[in-house]
Amino acid sequence: MEFKNLTVETTNNIATVTINRPAALNALNEQTLADLQRVFTETHDNDGAQVIIITGSGKKSFVAGADIVAMQQLSALEARRFSKLGHELMRSIETYSNPVIAAVNGFALGGGCELALSCDIRIAAENARFSQPEVNLGVIPGFGGTQRLARLIGKGRALELLFTGDMIDAAQAYEMGLVNKVVPQEKLLETAMEMATKIINKGPYAVRQVKEAVRNGLEMDLDRANQYETELFGLCFASLDQKEGMLAFLEKRPANFVGQ
Ligand code: HXC
C-alpha cells in the first residue's frame, strides 16, 4: 500500500505505521486521517498484520494534534465533518481485530493524545509529552478525548487535564495509567517490537477474542459481561488454536498456532 503521509513496514506480521509530516510535527490533516483509515480498513484479519504499531517520524513528535492550519477556517459543519472523520478512524483502531500499540516518541497533543488513547497499549519514550490543549484554542477535543481519557484515567484526572490543557511528561502519564511503559527514546521501537513479538507468539484467535471481550465487556454490566466472556470462552474450543495449544502443552513442546 502507498500512502501520502505514512510509511508502513511489515516484518513477521507486525506492521509499523509511521506518521510522516515532520514539518508540521506529524499533525493530523484530512489526508493523514484518510491514510490511517486505509491501513485499518484494507488490512484483513488473517492476511493482515497480527499487531500494528503506530509511531511518529522524527524524535520530537508523535502527533502534535489535529492540523490547526487546516482547522482554522472551518465552518461549523466542516468542523463537525472533520471530527466525524477522526472519530471513525479512532473507532477503526479500537475495533481492529488485532492489537494496536502506540509507540509515543514525543509530543502527543490534542488529536495525537486521542490517537494514542484509541490504541490498545501505549509505550512512551522518556521525552513523550501528553496534553489535551484544545481549551487554549477555544475548542474541545473532537476525536474522542473527552470520552476515552476519562474512561482510561478516571473522571477527576481527565477533567483536570481537559480544563487546564496542562502538558504532562511520560513519568506523570505512567503514574496516571495513561501509558503502560516508559523507555528511553532509542529503545522505544525495540520495546514495542518485543511486546508485539511476544503477542504474535500466542494463540492469535485467543488474542483477538481477548480484545473483543475487554472492549465489548466494558460497555456491559458485570453479569452480562461475564456471560459474554463465557460465550467467547466456549467459542475458543471451536478453534484449531485451542486444540493445538492444549495438545502442545501436554506433549511438552511449543505450540504451532494457525490463528483459526
Ligand atoms: C499544525 C503544527 C501543529 C498543529 C505544530 N505545528 N503543531 N501545525 N497543526 N497541531 C507546526 C508549527 O506551526 C511549526 O510550523 C512546526 O510545526 C514546528 O512547531 P513549533 O511550534 O515551531 O515547535 P516548538 O516550538 O518546538 O513547539 C512544539 C509544540 C507546539 C509545543 C508541539 O508546536 C504546539 O503547541 N503545537 C500545537 C499543539 C496543539 O495545540 N495541538 C492540539 C490541536 S487541536 P512552522 O511552519 O511555523 O515551522 C486538536 C483537536 C483534535 O488536536 C480534534 C479535532 C476534531
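In what follows, the accompanying structure is described. Remember, it's a predicted structure, so these values are computed and weren't measured experimentally.

## Remarks on the sheet that holds strand E8 (residues 129-131)
Paired through their backbone hydrogen bonds, the strands of a sheet run either parallel or antiparallel. In space, the 4 strands of this open sheet follow the order E4-E6-E8-E9, with mixed pairing throughout. Each edge of the sheet is formed by a strand with only one pairing partner; in this case those strands are strand E4 (61-63) and strand E9 (168-169). Strand direction decides the pairing type here: E8 and E9, joined by 2 bridges, are antiparallel. Within E9, the position partnered with phenylalanine 130 by the bridge is isoleucine 168.

## Topic: the sheet that holds strand E10 (residues 181-183)
With respect to topology, 6 strands assemble into an open sheet ordered E1-E2-E3-E5-E7-E10, the strand pairing being mixed. Looking at strand neighbours, the two that pair on one side only are strand E1 (6-11) and E10, the edges of this open sheet. Each neighbouring strand pair of the sheet contributes to a mean axis angle of 20°, computed without reference to strand direction. Of the strand pairs in this sheet, strand E5 (residues 100-104) and strand E7 (residues 121-125) are connected by 4 bridges, and their pairing is parallel. Bridge assignment links valine 104 to a residue of E7, and that residue is alanine 124.

## Regarding the site of the ligand
Around the ligand sit 23 residues, and of these Lys60, Ala64, Ala66, Ile68 and Gly111 come closest. At a separation of 2.6 Å, an oxygen atom of the ligand approaches a polar side-chain atom of lysine 60. At 2.8 Å from an oxygen atom of the ligand is found a main-chain nitrogen or oxygen belonging to glycine 111. Of all the secondary structure elements, the ones that give two or more residues to the shell around the ligand are helix H2 (68-71), helix H3 (76-94), strand E6 (107-109) and helix H4 (111-118). Its residues assigned to classes, the shell around the ligand comprises 14 nonpolar, 5 polar and 4 charged.

## Comments concerning the nonpolar core
Phe40, Ile52, Ile54, Phe62 and Phe130 are the most contacted members of the largest nonpolar core, which totals 45 residues. Counting 16 residues, the second-largest nonpolar core is a separate cluster that includes Ile123, Val183, Ala196 and Val207.

## Concerning H3
With 19 residues, H3 ought to run about 27 Å at 1.5 Å a step, and its terminal C-alpha atoms sit 27 Å apart, in line with that. When we look at burial in H3, the residues that qualify are Phe82, Gly86, Leu89, Met90, Ser92, Ile93 and Glu94.

Reading the values: the criteria
Residues numbered from 1 in each chain as written. Predicted model: local features only at pLDDT ≥ 70, side-chain atom pairs only at ≥ 80, totals over all residues. Heavy atoms only, no water. Pairing = 2+ DSSP bridges. Helix = DSSP H or I, 4+ residues; strand = E, 2+ residues; numbered from the N terminus. Axes fitted to C-alpha atoms, helices over the stretch in contact; angles between N-to-C directions. Near = heavy atom within 4 Å. Polar contact = N/O pair within 3.5 Å; in protein donor to acceptor, adjacent residues only side chain to side chain. Nonpolar A, V, L, I, M, F, W, Y, C, P; charged D, E, K, R; others polar. Core = buried A, V, L, I, M, F, W, Y, C linked by side-chain atoms within 4.5 Å. Buried < 20%, exposed > 50% of the residue type's maximum accessible area, 1.4 Å probe, protein only. Expected span 1.5 Å × (residues − 1).

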